[in-house]
Amino acid sequence: MSTQGSSTDEGGAQASEDARSRFVERFAAQLVEAGMTRMPSRVFAALLASDSGALTSAELGKQLQVSPAAISGAVRYLTQQHMVTREREPGTRRDLFRVHSNQWYEALGSRDNVLKRWEDSLREGVESLGPDTPPGRRIAETLAFFEFVQVELADLIERWREHRKTLGLD
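Residues numbered from 1 in each chain as written. Predicted model: local features only at pLDDT ≥ 70, side-chain atom pairs only at ≥ 80, totals over all residues. Heavy atoms only, no water.

Asks: Is there a simple way to think about helix α6 (residues 111-129) in this case?
Replies: For an α-helix, 3.6 residues make a turn, and residues three or four places apart therefore share a direction. The end-to-end C-alpha separation of α6 is 27 Å, in line with the 27 Å expected for 19 residues at 1.5 Å each. Buried-residue contacts for α6 involve α7 (134-167). Just past α6, the residue Gly130 takes up positive phi, approximately 95°. (Helix = DSSP H or I, 4+ residues; strand = E, 2+ residues; numbered from the N terminus. Expected span 1.5 Å × (residues − 1). Contact = heavy atoms within 4.5 Å.)

Asks: Would you explain helix α3 (residues 57-64) in this entry?
Replies: Listed as buried for α3 are Leu60, Gly61 and Leu64. All buried residues of α3 project into a common sector of 100° when viewed along the axis, lining one side. Residues of α3 that are exposed and angled more than 90 degrees away from the buried face: Ala58 and Lys62. (Buried < 20%, exposed > 50% of the residue type's maximum accessible area, 1.4 Å probe, protein only. Arc of directions from axis to C-beta.)

Asks: Sorry if this is basic, but what is going on with the nonpolar core here?
Replies: As a rule of thumb, nonpolar side chains are buried together in soluble globular proteins. Of all hydrophobic cores here, the largest spans 24 residues; its most connected members are Val43, Phe44, Leu47, Leu60 and Leu78. Contributing elements (two or more residues each) for this core: α1 (2-33), α2 (38-49), α3 and α4 (68-80). Sort the elements by how many residues they give to this core and α2 lands first, with seven residues. Setting aside chain neighbours within four positions, we find Phe44 in contact with Phe27, Leu31, Leu78, Met83, Val84, Val99, Gln103 and Trp104. Ranked by size, the runner-up nonpolar core spans eight residues in total, among them Leu115, Val126, Phe146 and Leu153. (Core = buried A, V, L, I, M, F, W, Y, C linked by side-chain atoms within 4.5 Å.)

Asks: Looking at this model, I keep getting lost on a nonpolar patch on the surface. Mind explaining?
Replies: On the surface, Trp160, Leu167 and Leu169 cluster together to form a nonpolar patch covering roughly 280 Å² of accessible area. Leu169 gets classed as partly exposed once you look at its relative accessible area, which sits at 46%. (Patch = residues over 30% accessible without salt bridge, like charges linked within 9 Å, V, L, I, M, F, W, Y side chains within 5 Å. Areas by Shrake-Rupley, 256 points an atom, 1.4 Å probe, with all protein chains shown as cover. Salt bridge = Lys/Arg side-chain N within 4 Å of Asp/Glu carboxyl O.)

Asks: Help me out: how do you make sense of the pairing of strand β2 (residues 85-88) in this one?
Replies: Successive residues of a regular strand alternate their side chains across the two faces of the sheet. For β2 and strand β3 (residues 95-98), the ladder comprises four bridges, and the chain directions are antiparallel. Its bridge partner being in β3, Thr85 is matched across the sheet by Arg98. Hairpin connection, β2 to β3: the antiparallel pair is bridged by six residues, and Gly91 has positive phi, about 80°. (Pairing = 2+ DSSP bridges.)

Asks: Which parts of the structure should I look at to understand the sheet that holds strand β1 (residues 54-56)?
Replies: Hydrogen bonds between backbone groups are what pair the strands of a sheet, and the pairing can be parallel or antiparallel. The three strands are arranged β1-β3-β2 in an open sheet whose pairing can be described as antiparallel. Pairing within the sheet leaves two strands with one partner each, and these edge strands are β1 and β2. Each strand of the sheet is rotated relative to its neighbour by a mean of 35°, with strand direction disregarded. (Axes fitted to C-alpha atoms, helices over the stretch in contact; angles between N-to-C directions.)

Asks: How should I be thinking about unusual backbone geometry in this particular structure?
Replies: In most cases, non-glycine residues show a negative phi, while peptide bonds are predominantly trans. Positive phi, normally seen in glycine, also occurs at Gln65, with a value near 55°. Of note, Gln65 is situated in the loop between α3 and α4. Judged by relative accessible area, which is 70%, Gln65 ranks as exposed.

Asks: Looking at this model, I keep getting lost on the pattern of salt bridges. Mind explaining?
Replies: Side-chain pairs of opposite charge can arise where the charged atoms are in close proximity. Under the definition given, this model contains eleven salt bridges. With a shortest N-O distance of 3.6 Å, Asp51 and Arg20 are connected by a salt bridge. Remark: Arg20 occurs in helix α1 and Asp51 occurs in the loop between α2 and β1; sequence separation between them is 31 residues. Residue Asp51 is classed as exposed on the basis of its relative accessible area, which comes to 74%. Judged by relative accessible area, which is 14%, Arg20 ranks as buried. Taking the shortest distance from any N to any O, the salt bridge between Lys116 and Asp120 comes out at 3.1 Å. Of this pair, Lys116 and Asp120 both sit in helix α6, four residues apart, roughly one helical turn.

In structure tokens, the structure reads:
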């Protein structure tokens, strides 16, 4: 009987892994459609779907059936985008790559510096081309849009933090 129970447990575990793999590939494909490159999309989805939210490079490579180089490039991109963090696995020299529950608003929040640089460049463009010229007006409208987005993004992130508290996620 223990053998039968064992094969049932193994079958359930396999079904769970199959479901996880289907989710990873489906969500990664949606991220690709939204503009993210394929390998970072797959790594991000795999981390999101993992039990602990953290996997080593070797675990990611095995799960996604890709080379260590592919994982390395993907996690480099994801860490630069503040979507995952690199941690040292306790007691080893291996790195763990972790996705946090707050990765979305942290990633969006890190865009503040990018938006500020764009605004500075757009402001220069308006000044150098003239605010009353056709390109100056187009650039000024683009500048106004990014200023609007930056204010709204800050407000949105603050509202999300408050909402997380009401959901008991903090």
